[in-house]
Amino acid sequence: MNAPDAIDNVWQYCRELNADEVTEASFNRVLENRNVAIPKLTQLTYICKPHKYMVLNSTVSKYFKSKGITISVDNYAEYLRTIDQIRERFSGMSFPELVEKAFEYVNSLSKDNFTWLKFFEEMLDITCSRYNKNTLCEVFHRIFEKSRGREDRYKNGEKGPLEEIDPLTFIAFFNRRNTDENRIDFCTRAKSFLQMSSEVPRDFDGIPIFDPRLTWFFGWGINRDATIMPYLWDFAKGLNKKELTVDLFSNALSVENVGISKLTQIMFICKPNDFISFDSVNRSYFKKNGLELSVESFTEYEQAKLEIKNRFAPKTFYEISYDAYLDSLSSPKTEPKSDPALEKETL
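Okay, so let's go over this structure. Being a predicted model, the structure only gives us computed values, none of them experimental. (Residues numbered from 1 in each chain as written. Predicted model: local features only at pLDDT ≥ 70, side-chain atom pairs only at ≥ 80, totals over all residues. Heavy atoms only, no water.)

## Focus on the side chain of threonine 42
Relative to the assigned elements, threonine 42 resides in helix 3 (residues 38-48). Under the relative-accessibility criterion, threonine 42 is labelled buried at 0%. There is a polar contact of 3.3 Å between the side chain of threonine 42 and the backbone oxygen of proline 39. With residues up to four places along the chain from it excluded, the contact list for threonine 42 reads Met54, Val55, Leu56 and Tyr79. (Helix = DSSP H or I, 4+ residues; strand = E, 2+ residues; numbered from the N terminus. Buried < 20%, exposed > 50% of the residue type's maximum accessible area, 1.4 Å probe, protein only. Polar contact = N/O pair within 3.5 Å; in protein donor to acceptor, adjacent residues only side chain to side chain. Contact = heavy atoms within 4.5 Å.)

See the structure below:
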């Protein structure tokens with residue numbers, strides 16, 4: 001859509017909104033603008049007509065989710081159905097009163113947000129400084145003794161327990177798709193085994209989740225090149241010291257099971273004040289906010305990171321990541337795509 005058409009569509013929508021005669025065609029045409037998404041358009045609509053229309057931003061979506069309502073709106077018809085559902089569920093309350101309740105609810109949670117920030121950073125430091133690929137693997141089996149994804153295929157073709165691991169894969173296992181209760185239990189075990197000083201996290205807000213099938217940062221032992229573990233360990237140590245280089249980044253990316261999304265995801269988890277993840281949820285959020293970013297190298301990542309920081313200032317990277325997650329709750333759901341070649345049947 002070109003700029004003049006986009007402006008005309010917004011003007012037409014505003015006229016209809018002012019006259020209380022919003023049409024489906026007008027609402028949906030505004031949404032075709034790549035700089036406009038449901039949260040932004042419903043916010044405008046709510047501000048102008050607060051007793052007729054409801055805003056569906058991240059704050060409101062989180063509040064409704066706590067009440068058993070998951071927001072998924074992609075067009076005007078779905079927006080009206082959602083408004084009717086909200087009216088029925090919260091009969092007797094006005095939309096402004098609901099918005100106020102939503103902000104009160106989210107603010108009440110703020111003191112318990114981001115309790116994980118120091119935990120995984122300390123975990124990275126300990127695993128890099130006190131362990132090697134074999135001794136860390138021993139701890140890995142003790143913590144995750146009842147979990148799948150611990151079996152390897154050896155060079156001779158036989159199967160058996162994984163005998164080597166890297167800090168990136170180790171930390172990723174705490175952040176696989178699982179219940180918070182299980183994840184907290186794993187973190188509690190890790191605190192004991194690794195003799196960590198950080199408090200066990202009470203939440204994992206803003207952390208992008210790893211697909212359980214794709215958690216390893218390396219492939220099967222039968223095909224594992226001798227350079228892979230050194231590449232991953234060198235990257236982890238550089239990340240720990242915040243001394244990443246173009247070579248460390250490109251070497252890690254050269255490993256078959258590693259891509260930009262996966263690598264930046266673990267960078268963010270371990271150093272959430274310094275790096276941002278380029279997982280699918282975050283990329284979608286960046287795009288909705290006018291940032292069309294392409295990242296294939298460390299240089300491009302550093303430039304994109306700067307653009308993100310400037311675009312969302314003064315928010316931190318972990319706040320941006322959490323906002324992206326909340327925004328995804330009110331976005332249409334699509335099935336995640338994965339490369340079947342990277343999927344491991346035991347993970």
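## A word on the pattern of salt bridges
Following the criterion strictly, the structure yields 13 salt bridges and no others. Notably, a salt bridge pairs glutamate 164 with arginine 224, separated by 2.6 Å at the nearest N-O pair. Linking glutamate 164 in the loop between strand 2 (159-161) and helix 9 (167-172) with arginine 224 in the loop between helix 10 (180-194) and helix 11 (228-240), this pair joins segments that are 60 residues apart in sequence. Taken as a pair, glutamate 164 and arginine 224 share a single burial class, namely buried. A salt bridge links lysine 242 to aspartate 274; the shortest N-O distance between them is 3.7 Å. Here lysine 242, found in the loop between helix 11 and helix 12 (246-253), pairs with aspartate 274, found in the loop between helix 13 (260-270) and helix 14 (280-288); they are 32 residues apart in sequence, far enough to count as distant. Each of Lys133, Asp152, Glu164 and Arg224 takes part in salt bridges that share partners, so that together they form one network. (Salt bridge = Lys/Arg side-chain N within 4 Å of Asp/Glu carboxyl O.)

## With respect to the nonpolar core
Core analysis: the largest hydrophobic core is formed by 77 residues, its most contacted members being Phe120, Met123, Phe170, Phe174 and Phe235. Core analysis: the next-biggest nonpolar cluster, separate from the first, contains 29 residues, Val55, Phe64, Phe90 and Val99 among them. (Core = buried A, V, L, I, M, F, W, Y, C linked by side-chain atoms within 4.5 Å.)

## Focus on helix 7 (residues 117-130)
When the terminal C-alpha atoms of helix 7 are compared, their 21 Å separation across 14 residues agrees well with the 20 Å that a helix rising 1.5 Å per residue should span. The set of residues buried in helix 7 consists of Leu117, Phe119, Phe120, Glu122, Met123, Leu124, Ile126, Thr127 and Cys128. Contacts made by the buried residues of helix 7 are with helix 8 (133-143), helix 9, helix 10, helix 11, helix 13 and helix 16 (317-329). (Expected span 1.5 Å × (residues − 1).)

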